[in-house]
Amino acid sequence: MYSRIVGTGAYLPEKVLTNFDLEKMMDTSDAWIRERTGIERRHIAAEGETTVDLAEHAARRAIDAAGVRPEDIDFIAFGTTTPDLIFPNCGVLLQQRLGCFGCPAFSVETACSGFIYALAIADKFVRAGDAKCALVVGAETLSRITDWSDRSTAVLFADGAGAVVLRPSSEPGILSTHLHADGSYKDLLYCNGGVSRNVVDPARARGTIAMVGNEVFKIAVTTLGKAVDEALAANGLDKSAVDWLVPHQANIRIIQAMARKLDLPLERVIVTVNEHGNTSAASVPMALDAGVRDGRIKPGQLLLLEAFGGGFTWGSALVRL
Ligand code: UT7
């Protein structure tokens, strides 16, 4: 028994913030942001618009694409680091919106690899026969934890949501997933807000993102390179078997390094970082949906999904669509 992605969906908030808008807010330039990151614009949630609001749109689109009904969903795994509430978790809040009461619903808090973690967990439940119609979501409102006075991070992060529906299949489907974490790097990328450990002014308890960007960059490239090798070796596949790389969208230079590693031309890589910025857990499912909906990714093709983020946490999924 395998699990198979049978529908994808994504949603971006309406408000667009361009590099030129940022030039007016801080000491930065469109040229620097484009050259160093590949980002041209990003979407920002409206006042009062929450992570679960974005996720609901993406989930309904994935459910429609899968040809199932919201009440058919029997498992919800939700990757996010910007939850609406401490509890109930975003998975439960989304379940309430969709009306698929009773099924397990939870959130996974592994920063940018949140969707890959959620996908890996859902895949195992479907393969075990314990879920027949699993909804996997990655959604974020990172604008809420962005330090708008710090140009080194404020130009990077953004908001959005992506989702997939998994169903059981006798043919793969998801061939493999690999998950990793290394907490020794916790100080290179983190958000200093918290509940139990009150490190910031209680009035600003959710904190803001802090990152040692150039250190993260170097480790991301080598670590993701190893993750790519691991995914291929586990399936006895050569890199030439991969039709599409669907990477985490943090920086075009990291994406280009992964494409070179796979000997893939950029035409075989789904790139959304220019339009979306870094949306953490939402980036991979939104990129996947973009490639599926515009017809570039076709049924039967082999996709390599990968992500790397705060923790560090990272992971991959090798998927036949
Ligand atoms: O999604 C989770 C994982 N995250 C990542 O993978 C992100 C990895 N890191 C990166 O993508 C890159 O390191 C950044 C885009 C964050 C930064 O690019 P960089 O080429 O590593 O730049 P840097 O941090 O080494 O800074 C170079 C210069 C500095 O100036 P000096 O010291 O050379 O004079 C910065 O002050 O660029 C300056 N700088 C900026 N200049 C204009 C930093 N941010 C900006 C900015 N506008 N927004």
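Above this text you will find the structure in question.
Report on the accompanying structure.

Some details on the sheet that holds strand β7 (residues 159-169)
Alright, step 1. The sheet built from 5 strands is open, its strands ordered β1-β7-β6-β4-β5 with mixed pairing. Two strands in the sheet have a free side with no partner beyond their single neighbour: β1 (2-11) and β5 (105-108). Each strand axis lies, on average, 20° off the axis of its neighbour in the sheet, ignoring direction.
Alright, step 2. In terms of strand pairing, strand β4 (residues 75-79) meets β5 through 4 bridges, oriented parallel. Paired with F78 across the bridge in β5 is S107.
Alright, step 3. Contacting β1, β4, β6 (134-141) and β7, helix α3 (residues 51-66) crosses the sheet at an angle of about 125° to β1.
Alright, step 4. Strands β4, β5 and β6 of the sheet are contacted by helix α4 (residues 90-98), whose axis makes an angle of about 130° with β4.

Focus on the packing of aromatic side chains
Alright, step 1. What the rule picks out here adds up to 5 aromatic pairs.
Alright, step 2. Look at F75 and F125: their rings are 4.6 Å apart centre to centre, the planes differ by 35°, and that puts the pair in the tilted class. Of this pair, F75 sits in strand β4 while F125 sits in helix α5 (residues 114-127), and the two are 50 residues apart along the sequence.
Alright, step 3. Since its relative accessible area comes to 36%, F125 is described here as partly exposed.
Alright, step 4. Aromatic pair Y185 and F312: ring centres 4.9 Å apart, planes at 20°, arrangement stacked. With Y185 in the loop between β8 (174-181) and β9 (189-191) and F312 in the loop between β12 (302-309) and β13 (313-320), this pair connects stretches of sequence that are 127 residues apart.

With respect to the sheet that holds β13
Alright, step 1. One open sheet accounts for 4 strands, arranged β8-β13-β12-β11; its pairing is mixed. One side of each edge strand has no neighbouring strand; the edge strands of this open sheet are β8 and β11 (244-247). On average, adjacent strands in this sheet sit at an angle of 10° to one another, irrespective of strand direction.
Alright, step 2. The sheet contact formed by β12 and β13 spans 8 bridges and is antiparallel. Looking at the pairing, L303 lines up with V319 of β13.

Considering the nonpolar core
Alright, step 1. With 41 residues, the main nonpolar core has V242, L245, L262, L304, F308 and F312 as its most contacted residues.
Alright, step 2. At the level of elements, α7 (213-234), α8 (252-261), β12 and β13 are the ones that each hand at least two residues to this core.
Alright, step 3. For this core, the element with the most residues is α7, which contributes 8 residues.
Alright, step 4. Residues within four places of L245 in sequence aside, it is in contact with I255, M258, A259, L262, L264, R268, V269, I270, L304 and E306.
Alright, step 5. Core analysis: the second largest hydrophobic core is formed by 30 residues, A77, L119, A134 and V164 among them.

Procedures and definitions
Residues numbered from 1 in each chain as written. Predicted model: local features only at pLDDT ≥ 70, side-chain atom pairs only at ≥ 80, totals over all residues. Heavy atoms only, no water. Pairing = 2+ DSSP bridges. Helix = DSSP H or I, 4+ residues; strand = E, 2+ residues; numbered from the N terminus. Axes fitted to C-alpha atoms, helices over the stretch in contact; angles between N-to-C directions. Contact = heavy atoms within 4.5 Å. Phe/Tyr/Trp six-rings, centres within 6.5 Å; stacked < 30°, edge-to-face > 60°. Buried < 20%, exposed > 50% of the residue type's maximum accessible area, 1.4 Å probe, protein only. Core = buried A, V, L, I, M, F, W, Y, C linked by side-chain atoms within 4.5 Å.

Purely geometric numbers; function is a separate question.
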